[in-house]
Amino acid sequence: MYAAAPHRGAVRAVIPRAPAAGPRARLRAVLLRQWRHAQRAAAMNVPAGTVKRGRA
C-alpha cells in the first residue's frame, strides 16, 4: 500500500525548512502578542501580566 515511500520517511529531511523570521517579523509578532495579552487581561478586568498564555 505504501511501498513507494522511502525507508523511515526520508523525504522529510530533503524538504528545506521555512526560513527563520526576520527581525521585523519577530518584533511584530512580539508586539502583537503583548497587545493581545493586554486586551485579554482588560477583558477579564485583571492587571496585565497575571493572565497565563496558552495551556497552564
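Residues numbered from 1 in each chain as written. Predicted model: local features only at pLDDT ≥ 70, side-chain atom pairs only at ≥ 80, totals over all residues. Heavy atoms only, no water.

Colleague: It is not clear to me how the overall build of the protein chain should be interpreted in this structure. Could you clarify?
Modeller: Secondary structure assignment for the protein chain yields two helices and zero strands. The burial tally for the protein chain puts 5% of its 56 residues in the buried class. Total accessible area on the protein chain stands at roughly 5800 Å², and carbon and sulfur atoms take up 60% of it. (Helix = DSSP H or I, 4+ residues; strand = E, 2+ residues; numbered from the N terminus. Buried < 20%, exposed > 50% of the residue type's maximum accessible area, 1.4 Å probe, protein only. Areas by Shrake-Rupley, 256 points an atom, 1.4 Å probe, with all protein chains shown as cover.)

Colleague: Whenever I open this one, unusual backbone geometry confuses me. Can you help?
Modeller: In most cases, non-glycine residues show a negative phi, while peptide bonds are predominantly trans. Here asparagine 45, not a glycine, exhibits a phi torsion of approximately 60°, which is positive. Residue placement: asparagine 45 occurs in the segment after α2 (23–43). Looking at asparagine 45, the relative accessible area reads 71%, which means it is exposed.

Colleague: Explain α2 here, please?
Modeller: Every α-helix winds through 3.6 residues per turn, so residues three or four apart in the chain are directed the same way. Compared with the 30 Å implied by 1.5 Å per residue over 21 residues, the 30 Å span of α2 between its first and last C-alpha is a close match. Of the residues flanking the end of α2, it is asparagine 45, one or two places downstream, whose phi is positive at about 60°. (Expected span 1.5 Å × (residues − 1).)

Colleague: What am I meant to see in the environment of glycine 49 here?
Modeller: Its place among the elements puts glycine 49 in the segment after α2. On the basis of relative accessible area, glycine 49 is assigned to the exposed category, the value being 62%.

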